[in-house]
Amino acid sequence: MAAPEAWRARSCWFCEVAAATTMEATSREAAPAKSSASGPSAPPALFELCGRAVSALLGGLESGVWALPGPILQSILPLLNIYYLERIEETALKKGLSTQAIWRRLWDELMKTRPSSLESVTCWRAKFMEAFFSHVLRGTIDVSSDKRLCDQRFSPLLHSSRHVRQLTICNMLQGATELVAEPNRRVLETLASSLHTLKFRHLLFSDVAAQQSLRQLLHQLIHHGAVSQVSLYSWPVPESALFILILTMSAGFWQPGPGSLPCRLCGEASRGRAPSRDEGSLLLGSRRPRRDAAERCAAALMATRRKSEVKQMPRAVPTTRVTRRSTQESLAIGGTDSKRELYPPATSYEASGTKQPSSAPAATSSASSSSSSTSSKRAPASSASQPKPLKRFKRAAGKKGARTRQGSGAESEDLYDFVFIVAGEKEDGEEMEIGEVACGALDGSDPSCLGLPALEASQRFRSISTLELFTVPLSTEAAVTLCHLLSSWVSLESLTLSYNGLGSNIFRLLDSLRALSGQAGCRLRALHLSDLFSPLPILELTRAIVRALPLLRVLSIRVDHPSQRDNPAVPENAGPPSHIIGDEEIPENCLEQLEMGFPRGAQPAPLLCSVLKASGSLQQLSLDSATFASPQDFGLVLQTLKEYNLSLKRLSFHDMNLADCQSEVLFLLQNLTLQEITFSFCRLFEKRPAQFLPEMVAAMKGNSTLKGLRLPGNRLGNAGLLALADVFSEDSSSSLCQLDISSNCIKPDGLLEFAKRLERWGRGAFGHLRLFQNWLDQDAVTAREAIRRLRATCHVVSDSWDSSQAFADYVSTM
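Undergrad: I would appreciate a short explanation of the packing of helix α24 (residues 476-486) against helix α25 (residues 505-517) in the present structure.
TA: To characterise two packed helices, one gives the angle between the axes of the helices and the distance between these axes. One can describe the packing of α24 onto α25 by two numbers: an axis separation of 8 Å at closest approach and a directional angle of 15°. Taken together, the axis directions place α24 and α25 in an arrangement best described as roughly parallel. Seen along the crossing, α24 lies across α25 with a hand that is right-handed. Every residue of α25 that contacts α24 at Thr476, Ala479, Val480, Cys483 and Leu486 is listed here: Asn505, Arg508, Leu509, Ser512 and Leu516. A breakdown of the residues in the contact of α24 with α25 according to their chemical character gives 6 nonpolar, 3 polar and 1 charged.

Undergrad: Mind showing me how you'd approach the packing of aromatic side chains here?
TA: Aromatic rings considered in pairs are described by the distance between their centres and by the relative angle of their planes. All chains considered together, the criterion is met by 11 aromatic pairs. Here Tyr83 and Phe154 contribute two aromatic rings whose centre-to-centre distance is 5.3 Å and whose plane-to-plane angle is 5°, an arrangement assigned as stacked. On the criterion of sequence distance, the pair formed by Tyr83 in helix α5 (residues 82-87) and Phe154 in the loop between α8 (124-138) and α9 (156-161) is long-range, its members being 71 residues apart. The exposure classification of Tyr83 matches that of Phe154, with both residues buried. Between the aromatic rings of Phe628 and Phe634, the centroid separation amounts to 6.0 Å while the plane-to-plane angle is 35°, which identifies the pairing as tilted.

Undergrad: Looking at this model, I keep getting lost on the side chain of Ser487. Mind explaining?
TA: Relative to the helices and strands, Ser487 resides in the loop between α24 and β7 (494-498). Classification of Ser487 by relative accessible area gives buried; the value is 12%. Only 2.5 Å separates the side chain of Ser487 from the backbone oxygen of His484, close enough to count as a polar contact. If near-sequence neighbours (up to four positions away) are discounted, Ser487 is found in contact with Ser512, Ala515, Leu516 and Gln519.

Undergrad: Can you walk me through helix α32 (residues 748-761) in this structure?
TA: In an α-helix, one turn spans 3.6 residues, which is why side chains three or four residues apart end up on the same side. End to end, α32 covers 20 Å across 14 residues, agreeing with the expected 20 Å (1.5 Å per residue, within 8%). Within the sequence span of α32, burial applies to Pro748, Gly750, Leu751, Leu752, Phe754, Ala755, Leu758 and Trp761. If you follow the buried residues of α32, they end up packed against α31 (717-724), β15 (738-740), β16 (768-770) and α33 (780-791).

Undergrad: Please clarify how the environment of Thr481 should be interpreted in this entry.
TA: Within the secondary structure, Thr481 sits in helix α24. Given the relative accessible area of 4%, Thr481 is considered buried. Distance from Thr481 to Leu247, taken between C-alpha atoms, is 8.4 Å for residues 234 residues apart in sequence.

Undergrad: I keep staring at the packing of helix α26 (residues 538-548) against helix α27 (residues 605-613) and nothing clicks. Help me out?
TA: With their axes 9 Å apart at the nearest point, α26 and α27 run at an angle of 20° to one another. One way to sum up the angle between α26 and α27 is to call them roughly parallel. In the crossing of α26 with α27, the sense of the turn from one axis to the other is left-handed. Residues Leu539, Glu540, Thr542, Arg543 and Val546 of α26 touch α27, and the partners they reach there are Leu607, Leu608, Ser610 and Val611. Each residue belonging to the contact of α26 with α27 can be placed in one class, and the counts come to 5 nonpolar, 2 polar and 2 charged.

Undergrad: Please clarify how the pairing of strand β8 (residues 526-531) should be interpreted in this entry.
TA: For a regular strand, the rule is simple: side chains alternate between the two faces of the sheet. When you tally the buried positions in β8, you get 5 out of 6 residues, the bulk of the element. As paired strands, β7 and β8 are joined by 5 bridges and run parallel to one another. Residue pairing across strands places Ser498 opposite Ser530, the latter belonging to β8. Assessed by its sense of winding, the connection that carries the chain from β7 through α25 to β8 is right-handed. Alignment of β8 against strand β9 (residues 554-559), held across 6 bridges, turns out to be parallel. Its bridge partner being in β9, Asp531 is matched across the sheet by Val559. Regarding topology, α26 serves as the crossover connection from β8 to the parallel β9, and that connection is right-handed.

Undergrad: Would you mind showing me how to read the pairing of strand β2 (residues 197-201) here?
TA: Most of β2 is tucked away: 4 of the 5 residues are buried. By the bridge criterion, 5 bridges tie strand β1 (residues 166-170) to β2 in an arrangement that is parallel. Residue pairing in the sheet places Gln166 in a bridge with Thr197 of β2. In terms of strand pairing, β2 meets strand β3 (residues 229-233) through 5 bridges, oriented parallel. Bridge pairing in β3 places Arg201 opposite Tyr233. Crossover connection from β2 via helix α12 (residues 208-223) to parallel β3: handedness right-handed.

Undergrad: Whenever I open this one, the pattern of salt bridges confuses me. Can you help?
TA: Opposite charge on two side chains lets them pair, provided their charged atoms get close. For the structure on display, the rule yields 24 salt bridges. Note that Glu86 is salt-bridged to Arg162, the shortest N-O span being 2.2 Å. Here Glu86, found in helix α5, pairs with Arg162, found in the loop between α9 and β1; they are 76 residues apart in sequence, far enough to count as distant. Owing to a relative accessible area of 45%, Arg162 belongs among the partly exposed residues under this scheme.

About the criteria used
- Residues numbered from 1 in each chain as written.
- Predicted model: local features only at pLDDT ≥ 70, side-chain atom pairs only at ≥ 80, totals over all residues.
- Heavy atoms only, no water.
- Axes fitted to C-alpha atoms, helices over the stretch in contact; angles between N-to-C directions.
- Helix = DSSP H or I, 4+ residues; strand = E, 2+ residues; numbered from the N terminus.
- Parallel < 35°, antiparallel > 145°, perpendicular 65-115°, else oblique.
- Left-handed = near helix turned anticlockwise from the far one by under 90°.
- Contact = heavy atoms within 4.5 Å.
- Nonpolar A, V, L, I, M, F, W, Y, C, P; charged D, E, K, R; others polar.
- Phe/Tyr/Trp six-rings, centres within 6.5 Å; stacked < 30°, edge-to-face > 60°.
- Buried < 20%, exposed > 50% of the residue type's maximum accessible area, 1.4 Å probe, protein only.
- Polar contact = N/O pair within 3.5 Å; in protein donor to acceptor, adjacent residues only side chain to side chain.
- Expected span 1.5 Å × (residues − 1).
- Pairing = 2+ DSSP bridges.
- Right-handed = clockwise from strand over helix to strand, strands pointing away.
- Salt bridge = Lys/Arg side-chain N within 4 Å of Asp/Glu carboxyl O.

Written as C-alpha cells, this is what we have:
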C-alpha cells in the first residue's frame, strides 16, 4: 500500500502547487476570449493549466516534478522548454517514458528541414541540440522568438554544447571568435570533451584576428580535446596561411601567436609531467633535428598573407637580415656537418635507384640540446666571427638587386617577425619565389640556405586520426607542407584527398607515404584518392601506393581522365622517378577493400592482376568503368581472383561493357566463395538474351553461397524478370536474399506476374527487393497490387519515378 499512497501524495502535491498559480493564468486566457469578435473559445482543461503553471515555475519545483508519477509526468513533458526537457531525460527513461517524439516535433517545427533519406537518426534529442548549438553560434536563430527556446536561467550554448559531436565552420570563420571569448570558456571546455569532428566549408579570406581565434580554438579542441577528424570542403581558392595553419594544428604543431596569452591547459599539463626531449621527433621525421625544413617551409608560406594585412600591422619591420649564424654556432658546438645533420645523406639508396629505408630517429644528446639553446640567442652584428649575410635569389635579370640589411638585431625566434620581413621585401621584388623555397626545402637542398628562422617555440601535442580534403586545390606550397607533415604523422588512420589537383605533387605524396610507412607505430589503414588527372596511369599509381603502404587495409582510388603517359603523342613526356614505379614484384600486403574508378581507355590486365596476386586478404573489390582490350583479359582477371583471392566476399562492376563477356559472367556466378555480386549498368543482356538468361538462372540455382545480386541498369525488361523468378523455384538450392532490379525497364504487369510466381512457389520471405526507377507509373493500380503481393514475400523498396524520361531505354527494348 506504500506505493499507491505515495502516488496519491505526489498527485495532491501537484494539484496544490498548480492551483496556487492557475488563477492568474486562467484570467489571462479568459480575458481575450470575452473580447474576441469570433466568440468565446473553449477554455483549456484544468490539467493543462496546471501543467503550464508548473512548467513556468519549474525552477523552484524541479525536484518535486521529477518525482511525479509517470502518467502525470508524461502529460507535462510536451509543455516543457528544451532546457528542462533535456534535463528530465534520465528521469523519464527510469519511468519508462520516451521524449523522442517530442524532440522530433520540435525539429519539424523549429528547424524546418527534413533529414537526408540516407541518414538514420537514432536520437532526435542529440540531433536537435547539435543543430540548435550551430544556429545559435552563427546567429541564424532567435531564441527569444519562441518560449520553448528562451529561458533566462540557462545559456543556450552551454546547455547544448555537450551534445555536439560535429561542428561546421563556414565562410569567414564565423563562430571561432565567439567560442574563444572569455564568457564562453565553459562552452569551449565542454566542446573539448564532446566534439569529435570539425568541418570547414566554403572558407573565404579571413583577417588576422579571426585566424588567431581559430588558432586558439584548434589548440583547445585538438591538442587538449577529443577531436579526431578534420574535414575541408569546397575551398576553390585556399588562403595559404589559413590552410597551413589548419594542417599544422591538425598534425599536432602548436606555437602561440603574437600577443596571445599563455595556454592555461599547457601550463597544467607541463606541471603534471616531465618534458620529453623527443616530443617533436615524431612529426619531424627520423634523423632530423627539431629545427626542421617543414617549419622553415611553413614560415616561408606564411609570407603569402595579403599586403593589406601587412600594412595594417603596427609593428616595425626589423632591419637585420636573417642569417644562418645560429645554425653554424649550433653545428660548431655539436661538432657535426651541417648537411648531414639537417638531412640524411643521399647515400647509395638514391645512387643505385633502390628504395631508401626509413632510418631510426637520431639520439638526442646533451650537445645538441645545448646547441639548440645557443642558436636562439642574439649575437651582436659587429661580432668578428659573424658570417656574411646570405644573398637572396633574384626573381629575374634586370630587377633591383638585393638590399643589404644592417643593424644591431639578429635572428628572431618569432615566426611573424620573419613573415613581415619577407612581406616587406616582397613589395620590392627581392625575395625568391615561395614555391622555390618550399620545393627546395624538401627536395634535398640545404634548408639553411633559405635563411629561414626555426620555430623553437613549437611544441608537439595530440593530433587527429582522420583528415579529409574535398575539392580543395593544393598549390605546390600547400602540397609540400602536407606531404612533409604526412611523412611522420603516425597517428593518422584515414586520409582522403578528393579532387585536389595534385598533378606532379603525387610523387611527393608517394614519397611521404613511403616515409610514413617506415615510421614505428604508423596507423594509416585507409586511403581515399580521387582526381581529374594523374601523371601516372591509375594501375601504376595503385601499384606504387600498395608498395609504399603494405599495411593499408582500405584503398579507394579514382582518376577521371587518362594521364599524359597514356598518350604517346604528347612531346617531352618525362616519366616518373624510377623508385616510384618499377617492374619488381609487389610484396604481399594487407588490403581488404579495393575500389578503383578508371578513366576511358583499355587497361593492362597484367598490372591489375599483379595487385590482386599480392592482396591475398582482399574481401571486397569494386571496379568502375574498367575497360579491357579483350574478353580474354577480363577472364584473366577473374581467374586471378579465383586462384589468389580466396577470401573475396563482395565483387562489384559498374559501367562496364560485359555484353561480350557472358561466359566470364557465368564463371563468376558459379564461384562458391562470393556472397554478393553487383553488375551495375554493364549491358549484360544486350546480346543473346534468350540464350544467356537461362544459363544465368541455371548457374544461380546451383549456387548456395550467393546472398545478394544487384543488376541495376541492365535493361532486364519483363521477360528477363520472369526468367529470373525461376531462381526461387522449388528445385533451386539458391539462398539469394537480396535482389536489386532498379532501372531495368520493368512494367507493372511484369512485376505482378513476378509476384504471382513467388506466391505459387511459396518460398517465403527472401529479404530485400529494390525497384527504383522502373516504369511502374504506367499503370498505378497494377503496380500497387504487385507491390502489395510482393510485400508478403519480401521487403520492397521503390519510388515514384517518372518513366517518361527514359524514352531511349524504351525504344531500345521494343
